[in-house]
Amino acid sequence: MAGIEDDESASDIEMTDINKGTLNNERTNFDVQIKDDQPNMQSSRKCCRCCDCKNCMQRCYHCCMPCMTKENPLPDNATRCDRIKYGFLCPPHGKLAKLMTLVLAVLLMYGTLWAITGKQALPGGNFFGLLVMLVLCLIGGALVEKIRLPPLLGMLVVGFLLQNVPVVNVGKDITPGWSSALRNIALVVILTRAGLGLNPIVLRKLSLVVLRLAFTPCLVEAVVVAIASHLLLGFPWPYGFMLGFVLAAVSPAVIVPSMLSLEEKGYGTDKGVPTLVIAAASVDDVLAISAFGIVLGIAFSNSDLAVTIVRGPLEALLGVVYGILFGLLAWYFPHSRHKNVVLFRCIIILAGGLFAVFGSIAAEVPGAGALGSLTIAFVAAIGWRKRDKWEDVNPVTEIMASLWVIFQPLLFGLIGNEIVISQLDGSTVGLGVAVLCIGLVFRVVASFLVVFRTNLTWRERFFIPIAWLPKATVQAAIGPIALDTARQLGGTPEEITLGLKILTIAVLVIMITAPVGSALIALTGPKLLKKSVKGREGSQNGEATLGEVEEEAPGEVGERLIDGEARPKRFSFDKDEGD
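Rules used in this analysis
Residues numbered from 1 in each chain as written. Predicted model: local features only at pLDDT ≥ 70, side-chain atom pairs only at ≥ 80, totals over all residues. Heavy atoms only, no water. Helix = DSSP H or I, 4+ residues; strand = E, 2+ residues; numbered from the N terminus. Buried < 20%, exposed > 50% of the residue type's maximum accessible area, 1.4 Å probe, protein only. Contact = heavy atoms within 4.5 Å. Axes fitted to C-alpha atoms, helices over the stretch in contact; angles between N-to-C directions. Parallel < 35°, antiparallel > 145°, perpendicular 65-115°, else oblique. Nonpolar A, V, L, I, M, F, W, Y, C, P; charged D, E, K, R; others polar. pLDDT = per-residue confidence, 0-100. Core = buried A, V, L, I, M, F, W, Y, C linked by side-chain atoms within 4.5 Å. Expected span 1.5 Å × (residues − 1). Salt bridge = Lys/Arg side-chain N within 4 Å of Asp/Glu carboxyl O. Patch = residues over 30% accessible without salt bridge, like charges linked within 9 Å, V, L, I, M, F, W, Y side chains within 5 Å. Areas by Shrake-Rupley, 256 points an atom, 1.4 Å probe, with all protein chains shown as cover. Left-handed = near helix turned anticlockwise from the far one by under 90°. Phe/Tyr/Trp six-rings, centres within 6.5 Å; stacked < 30°, edge-to-face > 60°. Lys NZ or Arg CZ within 6 Å of the ring centre and 35° of its normal.

A count of helices and strands for the protein gives 21 helices and zero strands. Here the protein holds 579 residues, and 45% of them are scored as buried. For the protein, the proportion of contacts with a sequence separation of at least 24, taken over those separated by at least 6, is 73%.

Below is the structure:
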């Protein structure tokens, strides 16, 4: 019996082991089956998700189709409504994209200013006023340009409104120190552009004409204004001549961009008219500023008169010497094989010009700054042109042109911002306009007579006085000096009143001559100046310059010179031909 029980227990144990093995095998097979089926389940889930995503994308695409440029191309014979509708399609493009880019850039600039300066970037702060003026002047210039007028006219108007309209007068929050510094920086930029654009070949042949055009109209207008203000306004002679030299200076900030625009289009380049006007404008300003400083010293200084008179020419000479030395240095630094030679050349001449202007003010020799800045760029460009063999466009000028896009609205907006209606003396406005008109009449006549003996055509001779009308930068810079000096030195009430009258008439000359003169240059330039086929390239290569090229029949070769200067026989000397 015991044996039977043992056999039964053994058989039970064996059956149990068999059942366990079977269960284990079944579990193993089931696990394997699950593992084998799991990728299929995941792939099916992925396929379902991908299908859902594709369906959503297709639905979104179908919903956005009416707003996409890809699905709605502009037809060939599109109407104005079609173009307007196409302009708002996605993705942003055209003028709308430019506007959105500008808005985004402005918002980022404002956010950065607010993060750095805090209250200064909020309404009522200095940087807020500058930013608003920059943006609105850009918009105002673009709107005025749409009606084919110079954009600086819109910038001047915007700057004037931001100072005098009660609701939007954010211009009053701009710190005078910042305003003055930015105007000087903009002046350095435009003088540097002017120096780079001067053609030494033409300038060498036009040296006498440049001096005549720079000195004669300026001195004539200054003397006439001094006499007129003495007779009509009762100005003492020193104040009359101060007013004369304030009004006599032309504005490079207005003339240079206008003439460069004509030069880029090829107008007047065969005779070198843009080079003549730009070069003479810079010398004219130096003369006016130096003479104003001399007369100002005579009116307020108790020092020796001889020392005061000699100081002006010495300042001009100092600026020329500084410009020549720094320009020669720019020939070799940076080296012509430098990796970023154009960028560093731009930095060096711009920094040299800024140091010339601000350093001369700090050293109390302000007459040297503007001429030094112009001379640096001119001398540096001579060496670069010879070494790099430029034939058409100076690459440094392109960078300066980009900087001018920012500083042009700042310059003219800040000039307009200097005009405060509450400071205008109503009794002086009428007589001041009369004095201005008398001076301009004599200036126009003098400018025409100066170029009368040159080989310019009659139309080009009439254009020179028109190009000589705009006044803005110098008037905004030195117009308030007489008033400020009288207040600082504790002058008499009569001296303060005279200084205020000079400022009032300086404001009038900016408001009248800057927009009118720039508009006349833009409108009459293409009509009075001959358009050259080669444009600036011919002028820079010395192939056609002022007084050299005559109006000849096709196929004839000739060259006429100023004042009958002798040249080889292949040139013609008939001055009247082509007029």
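From this point, the discussion proceeds with the structure in view.
Moving on, we get to the packing of helix α4 (residues 126-146) against helix α15 (residues 395-417). For any two helices packed against each other, the geometry is given by the interaxial angle and the distance between the axes. Relative to each other, α4 and α15 sit at 105°, their axes nearing to 9 Å. If you check the angle between α4 and α15, you find them roughly perpendicular. Along its contact with α4, which presents Leu130, Met133, Leu134, Cys137 and Leu138, the element α15 presents Val405, Ile406, Pro409, Leu410, Gly413, Leu414 and Asn417. Of the residues in the contact of α4 with α15, the class split is ten nonpolar, two polar and no charged.

Take the confidence of the model for the protein next. Residues at a pLDDT of 70 or more form 78% of the protein, whose mean pLDDT is 75. For the protein, helix α21 (residues 536-540) is the element with the lowest average pLDDT, namely 41, and helix α9 (residues 237-248) is the one with the highest, namely 91. Segment residues 1-5: pLDDT under 50, and zero contacts once partners within four positions in sequence are set aside and those in other chains are kept. Every residue in residues 535-579 scores below 50 in pLDDT, and together they form 109 contacts with partners more than four places removed in sequence or on other chains.

Glancing now at the nonpolar core. Buried together is how nonpolar side chains tend to be arranged in soluble globular proteins. Ranked by internal contacts, the top residues of the largest apolar core, which has 120 residues, are Met242, Met259, Ile349, Phe412 and Phe463. Among the elements that take part in this core, helix α11 (residues 273-300) stands out by supplying 14 residues, more than any other. Filtering out sequence-adjacent residues up to four positions away, Phe412 remains in contact with Leu152, Met155, Leu156, Ala253, Val254 and Trp404.

Our next topic: α11. Between the first and last C-alpha of α11 there are 40 Å, a value that for 28 residues agrees with the 40 Å anticipated at 1.5 Å per step. When you tally the buried positions in α11, you get 23 out of 28 residues, the bulk of the element.

Let us now look at the side chain of Arg183. On the secondary structure map, Arg183 appears in helix α6 (residues 176-197). Apart from residues lying up to four places away in sequence, Arg183 is in contact with Leu411, Leu414, Ile415, Glu418 and Ala476.

Looking along the chain, the bond that leaves Phe333 and enters Pro334 is cis, with omega of 0°. As for its position among the elements, Pro334 is in the loop between α12 (305-332) and α13 (341-362).

Turning our eyes to something else, we now look at the pattern of salt bridges. Tallied over the full model, the rule gives four salt bridges. With a closest N to O distance of 3.2 Å, Asp173 and Lys172 form a salt bridge. On the basis of relative accessibility, which here comes to 21%, the residue Asp173 falls in the partly exposed class. Arg443 serves as the salt-bridge partner of Glu221, at 2.7 Å between the closest nitrogen and oxygen. Taken together, the residues span a long stretch of sequence, with Glu221 in helix α8 (residues 207-232) and Arg443 in helix α16 (residues 426-450) at a distance of 222 residues.

Within the secondary structure layout, Leu469 lies in the loop between α17 (458-467) and α18 (473-478). Residue class for Leu469 comes out buried when judged on its relative accessible area of 15%. It is 7.6 Å that separates the C-alpha atoms of Leu469 and Leu440, two residues lying 29 residues apart in sequence. Among residues more than four places away in sequence, those in contact with Leu469 are Leu440, Val444, Thr513, Gly517 and Leu520.

Moving on to a nonpolar patch on the surface. Together, Val223, Ile227, Leu231, Leu232, Trp237, Leu431, Ile438, Val441, Phe442, Val445 and Leu449 make up a nonpolar patch on the protein surface, roughly 990 Å² of accessible area in all. It is α16 that provides the largest number of residues to the nonpolar patch, a total of six residues. Tracing the sequence through the fold places Phe442 in helix α16.

Residue pairs three or four apart in sequence face the same way in an α-helix, which turns once every 3.6 residues. Helix length check: α16 (25 residues) gives 36 Å between terminal C-alpha atoms against 36 Å at 1.5 Å per residue, within 8%. Against the buried residues of α16 lie α8, α9, α11, α17 and α20 (493-528).

This part covers the packing of α16 against α20. Axis separation between α16 and α20 bottoms out at 10 Å; the angle between their running directions is 60°. Between α16 and α20, the angle is such that the two are oblique. As α16 runs across α20, the sense of the crossing is right-handed. Two secondary-structure elements touch here, α16 through Thr428, Val429, Gly432, Val433, Leu436 and Leu440 and α20 through Lys501, Ile505, Leu508, Val509, Ile512 and Thr513. When its residues are assigned to classes, the contact of α16 with α20 shows eight nonpolar, three polar and one charged.

Per the counting criterion, the structure on display carries eleven aromatic pairs. Taken together, a centroid distance of 6.5 Å and an interplanar angle of 80° make the contact between Trp404 and Phe412 edge-to-face. Within the aromatic cluster, the residues linked to one another by ring pairs are Phe448, Phe452, Trp458 and Phe462. Lying over the aromatic face of Phe452, Arg461 brings its terminal NZ or CZ to 5.2 Å of the ring centre. Its end group placed over the ring of Trp458, Arg461 keeps NZ or CZ at 4.9 Å from the ring centre.

Relative to the helices and strands, Trp178 resides in helix α6. Spatially, the C-alpha atoms of Trp178 and Phe127 are 9.5 Å apart, while their sequence positions differ by 51 residues. For Trp178, the residues in contact, after removing those within four places along its chain, are Asn126, Phe127 and Leu130.

It is worth spelling out the environment of Lys70 at this point. Structurally, Lys70 can be placed in the loop between α1 (2-64) and α2 (80-87). Using a relative accessible area of 69% as the deciding quantity, one classes Lys70 as exposed.

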